[in-house]
Amino acid sequence: MKIGRLFTVSMLSVAALAIVPAAQNVVGQYRTFVDRAEAIRSVEAFGAILSFAQHVVGHRAPYISPLFQETPATDAQLAAIAKIRQTADTSFAKAKAAVAELSDGKSVGDGLAQAGAKLNDLRAITDPILSRPLSARDQAIARGFLPGVSQVAATIDPILDGLADRVAATDASLTTLLNVARTAQDLRIAAGGRAAALSPALSARRQITPAEKAGMDRALGRIETNRDRLQSGVQQLGNPQRLTAALKEANEAYFGRANAVVDKEMATGQGDANYSINADQLAEIVVPAIEKFFVLRDASIAEARDHAAAARDSALTMLIIGVVIVAALIALLAGVTLLLRRRVIAPVIALTAVIGEMARGHDDVAIPSSGRDDEISAMAGSLQTFK
């Protein structure tokens, strides 16, 4: 093999040994960066869909009293219903936009669209009966409203499960934060559902039925379970200040006062039904208190987003470092190659040609590289002696 080719093969081998592992590291860091960026989008979609689920369940409070009171819905009640409809529709649009940012969000988008369609169908059959007095309302529709809301919410649960799995596959450390967010919302929904189950009896000024009592007891079990899970989850995360403060405020607002009011009126409903408040007043007490759990939910989502962003930025930094190292190796090897070719290979090839010419009797040939201070110059000097 000629020396030029041998040199080229040698340098390519050195390049492969040095650059290929570094390039593989860059590819790995790029994949990590892409995964972390996708985790942020998944967290954003999770939070947006969780918020939509909140507004789905939020239909209960403004609808309950108009559905079960003797008179048609008042203008104020219809305005409250219109407000929750608009809020839910806006939330749905935001969730849809967040899902569209996912790299593979078709299945998530399809599930979200199904939930939106179910909500629209429920509102379409319920809204017309609100303008009628109780005696003229279809009671099957009125009684089916709360279960219908629950069914829409249940449609959203698998979507959230899938997004949580996506995030966990990328960064398992985010799982606890998402669980805290979801548990906070579930506690809020359970607390709202318990109050909503009491509202028909308050509106009609009647005793609580055994079915309503059983439903409120089940909701209380969910509330207590979620309360324990929240406390455990925040502790598992190391009691971050943002979450600790939000959890304390929510517990004080709901368990400190609102829950006691529900318990008191529930006990009255099992007795003489001489309630001290009506359904609207109950909502004024309970809703602001349970809304505090949304603050905890949003804080958990923000914490997950910040964590994912920090991981993405770290991966980007490592990616940039890796690219710089690869570029530096390429530049170094290219420089060494050019230097050796210019200072060694090219002069050796030139001297080889001179030797050939001298062997053919051409003693007048010029001998290159004789002015250098190295081994190549010594070889040139020897040829000058032969000449």
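Starting from 1, residues in each chain are numbered consecutively following that chain's sequence as written. Reporting in this predicted model follows two pLDDT cut-offs: at least 70 for local features of residues, and 80 or more for side-chain atom pairs to be given and counted; totals over whole chains, interfaces and linings ignore these cut-offs and use all residues. In computing side-chain values, all of the structure's heavy atoms are included and hydrogens and water are not.

Peer 1: Got a minute to help me understand the overall build of the protein chain in this structure?
Peer 2: For helices the rule is a DSSP run of H or I covering at least 4 residues; for strands it is a run of E covering at least 2, with both sets numbered from the N terminus onward. Secondary structure assignment for the protein chain yields 10 helices and zero strands. Two things to know: the radius of gyration comes from C-alpha atoms, and the globule rule equals 2.2 Å times the number of residues to the power 0.38. For a compact globule of 387 residues, the expected C-alpha radius of gyration is about 21 Å, and the protein chain comes in at 37 Å, more than 25% above that figure. Over its C-alpha atoms, taken along the principal directions, the protein chain stretches across nearly 130 × 40 × 30 Å. Note on exposure labels: buried denotes an accessible area under 20% of the residue type's maximum, exposed denotes more than 50%, and partly exposed covers the range between, all computed with a 1.4 Å probe on protein chains only. By the burial criterion, 43% of the 387 residues in the protein chain qualify as buried.

Peer 1: Got a minute to help me understand the side chain of Ser-42 in this structure?
Peer 2: Mapped onto the fold, Ser-42 is located in helix H1 (residues 3–57). What makes Ser-42 buried here is its relative accessible area of 2%. Between two residues, a contact is recorded if the distance between any of their heavy atoms is within 4.5 Å. Those residues within four positions of Ser-42 in sequence are excluded, and the remaining contacts are Leu-102, Leu-163, Arg-166 and Val-167.

Peer 1: Explain a nonpolar patch on the surface here, please?
Peer 2: Surface patches are drawn from residues lacking salt bridges whose relative accessible area is over 30%; two like charges belong together within 9 Å, two nonpolar side chains (Val, Leu, Ile, Met, Phe, Trp, Tyr) within 5 Å. With residues, only the protein chains shown are counted as cover, and all accessible areas are computed by Shrake-Rupley using a 1.4 Å probe. The term salt bridge refers to a pairing of a side-chain nitrogen on Lys or Arg with a carboxyl oxygen on Asp or Glu at a separation within 4 Å. On the surface, a cluster of nonpolar side chains totalling about 290 Å² of accessible area is made up of Leu-332, Val-336, Leu-340 and Val-344. Of note, Leu-340 is situated in helix H9 (residues 279–359).

Peer 1: Is there a simple way to explain the packing of helix H6 (residues 175–204) against helix H7 (residues 210–236) in this structure?
Peer 2: What describes two packed helices is the angle between their axes and the distance between those same axes. The angle between two axes is taken between their N-to-C directions and runs from 0 to 180 degrees, where each axis is a line fitted to C-alpha atoms and a helix contributes only its stretch in contact. Packing of H6 against H7 leaves a shortest axis separation of 8 Å and a crossing angle of 160 degrees. Comparing the axis directions of H6 and H7 gives the class roughly antiparallel. For H6 against H7, the interelement crossing comes out left-handed. Note on angle classes: values under 35 degrees are labelled roughly parallel, values over 145 roughly antiparallel, values of 65 to 115 roughly perpendicular, and the remainder oblique. Helix crossings fall into two classes, left-handed where the near helix is turned counterclockwise from the far one by less than a right angle and right-handed where it is turned clockwise.

Peer 1: Got a minute to help me understand helix H5 (residues 139–170) in this structure?
Peer 2: Three- or four-residue spacings in an α-helix give side chains the same orientation, since the helix completes a turn every 3.6 residues. Under the convention used throughout, the expected extent of a helix is 1.5 Å for every residue step, that is, one less than its residue count. For H5, built from 32 residues, the straight-helix expectation of 46 Å at 1.5 Å per residue is met to within 8% by its first-to-last C-alpha distance of 49 Å. Phe-145 marks the point of greatest bend in H5, at about 45 degrees, and the proline Pro-147 comes within the next four residues. Note that bend, as reported per residue, equals the angle between axes fitted to the 7 residues terminating at that residue and the 7 residues originating from it.

Peer 1: Quick question: what am I supposed to make of the packing of aromatic side chains here?
Peer 2: For any pair of aromatic rings, the description rests on two quantities: the centre-to-centre distance and the angle between the ring planes. Centre distance within 6.5 Å is the pairing criterion for rings of Phe, Tyr and Trp, where only the six-membered ring of Trp is used; planes under 30 degrees apart are then read as stacked, over 60 as edge-to-face, and the remainder as tilted. If you walk through the whole model with that rule in mind, you get five aromatic pairs. Taken together, a centroid distance of 6.4 Å and an interplanar angle of 70 degrees make the contact between Tyr-254 and Phe-293 edge-to-face. With Tyr-254 in helix H8 (residues 241–269) and Phe-293 in helix H9, the pair connects residues that are 39 residues apart, well separated along the chain. Since its relative accessible area comes to 0%, Tyr-254 is described here as buried.

Peer 1: In this structure, what is going on with the environment of Ala-246? I would like to understand it.
Peer 2: In this structure, Ala-246 sits in helix H8. Classification of Ala-246 as buried rests on a relative accessible area of 6%. Sequence-wise, Ala-246 and Arg-206 are 40 residues apart; in three dimensions their C-alpha atoms are separated by 37 Å. Setting aside anything within four residues of it in sequence, one finds Ala-246 in contact with Val-295 and Leu-296.

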